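Residue-level structure breakdown
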Amino acid sequence: MPTPPDPAVLYPDVAARGSLAVALRAAADGRLDSVVAASPDSGSLMYADVASTLPHREPLRISAWTHQRRWSIRGEEPFQGSCLIDGETDDLARAARAARAWHDGESLDDIRRAAPFAHLTGRFEVPDLDPVRLVESEWQGMLRQARELEYSWQAQYQALVEAAYAEPALRALYPFTSHWTLRFSSTTRPSLTLGSPCLSAGGDGTYGVGTGFITPDLGVFTTAPEAAALAVRHLPTDFGPVTLGRPLEA
């Protein structure tokens, strides 16, 4: 991979302002003057964080690309560190509009309307940390991700996720993936609880169920619903209902 150019060469206007946070304010044409925006001492030309008025939102991170002139945004919720909104643009003023909407507590849909380049991950905000709602939020994020994948096996993976979601017993559990193998937890992030069967989509068009994420030792099927149904039959009897996954002790 070629050596990236000096950030000051790629972003001379940002360098002239001294930091991405200051350049972001300038691009916002006054809309961010009263907003807390900061760049870290290291990488000040490359990163900026814009705080939100909502306690259930982390600061929006704006990141400059290293090999071409472009910026990415990422907005997370603090309990799980899950991404709610992301996107990329070559116009810093557009990133500033997204940052202002994020700061002001506008809904995710309204942020998308204010800054059309912004991409919603499908997850929704759960300020009260209700485990049932966190489970549904994660499922919605996983379903959208499956629909938007740009891989040759996208359709098969989407069928797997949709078949699992169609099973009430699996839909009630917290979904996550490991090496694109669909797994389930009886606790939410940040500390997941293992113990359920794993579902996988094979490159040969089959669907596997296994006790681990590598080998489908419980069965291989030609349809995703068959695999999901077997996973339900192998769920531990005491697996659930889902509770909050507490942060690990430092």
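Here is what the cut-offs are and how they apply
Residues numbered from 1 in each chain as written. Predicted model: local features only at pLDDT ≥ 70, side-chain atom pairs only at ≥ 80, totals over all residues. Heavy atoms only, no water. Salt bridge = Lys/Arg side-chain N within 4 Å of Asp/Glu carboxyl O. Helix = DSSP H or I, 4+ residues; strand = E, 2+ residues; numbered from the N terminus. Buried < 20%, exposed > 50% of the residue type's maximum accessible area, 1.4 Å probe, protein only. Core = buried A, V, L, I, M, F, W, Y, C linked by side-chain atoms within 4.5 Å. Contact = heavy atoms within 4.5 Å. Pairing = 2+ DSSP bridges. Axes fitted to C-alpha atoms, helices over the stretch in contact; angles between N-to-C directions. Parallel < 35°, antiparallel > 145°, perpendicular 65-115°, else oblique. Left-handed = near helix turned anticlockwise from the far one by under 90°. Nonpolar A, V, L, I, M, F, W, Y, C, P; charged D, E, K, R; others polar.

The next point concerns the pattern of salt bridges. A complete count under the given rule lists 10 salt bridges for this structure. In this structure, Asp 13 engages Arg 69 in a salt bridge whose closest nitrogen and oxygen atoms are separated by 2.7 Å. Taken together, the residues Asp 13 in helix α2 (residues 12–17) and Arg 69 in the loop between β3 (60–64) and β4 (71–76) connect sequence positions 56 residues apart. Residue classification places Asp 13 among the partly exposed positions, given a relative accessible area of 37%. The class for Arg 69 is partly exposed, based on a relative accessible area of 33%.

Moving on, we get to the nonpolar core. Within the largest apolar cluster, 35 residues are counted, with the highest numbers of intra-cluster contacts made by Leu 24, Ile 62, Trp 71 and Ile 73. At the level of secondary structure, the elements contributing two or more residues to this core comprise α3 (20–27), β2 (47–50), β3, β4, β5 (83–89), α4 (92–104) and α5 (108–114). Of the residues forming this core, the biggest block, seven residues, is contributed by α4. Each residue touching Leu 24, except ones within four places of it in the same chain, is listed here: Leu 32, Val 50, Ile 62, Leu 92, Ala 95 and Ala 96.

With antiparallel pairing, the six strands of this open sheet are ordered in space as β1-β2-β3-β4-β5-β6. The open sheet is flanked by β1 (37–38) and β6 (119–120), the only strands paired with a single partner. Relative to β2, β1 runs antiparallel, the two being bridged by two bridges. Paired with Ala 38 across the two strands is Asp 49, which belongs to β2.

Looking now at the packing of helix α7 (residues 154–166) against helix α9 (residues 224–233). α9 packs onto α7 with a crossing angle of 45° between their chain directions and a minimal axis gap of 8 Å. Relative to α9, the element α7 lies oblique. Classified by chirality, the crossing of α9 by α7 is right-handed. Seen from α7, the contacting residues are Ala 159, Leu 160, Ala 163 and Ala 164; seen from α9, they are Ala 224, Pro 225 and Ala 228. Of the residues contributing to the contact of α7 with α9, the split by class is seven nonpolar, no polar and no charged.

Position of Phe 79 among the secondary structure elements: in the loop between β4 and β5. A sequence separation of 53 residues divides Phe 79 from Ala 26, and the C-alpha atoms of the two residues are 32 Å apart. When near neighbours in sequence (up to four residues on either side) are disregarded, Phe 79 contacts Leu 129, Thr 188, Arg 189, Pro 190, Leu 244, Gly 245, Arg 246 and Pro 247.

What follows covers the packing of α3 against α4. Packing of α3 against α4 brings their axes to within 8 Å, and their N-to-C directions diverge by 90°. The orientation of α3 relative to α4 falls into the category roughly perpendicular. Residues Leu 20, Ala 23, Leu 24 and Ala 27 of α3 form the contact with α4, whose own contacting residues are Leu 92, Ala 93, Ala 95 and Ala 96.

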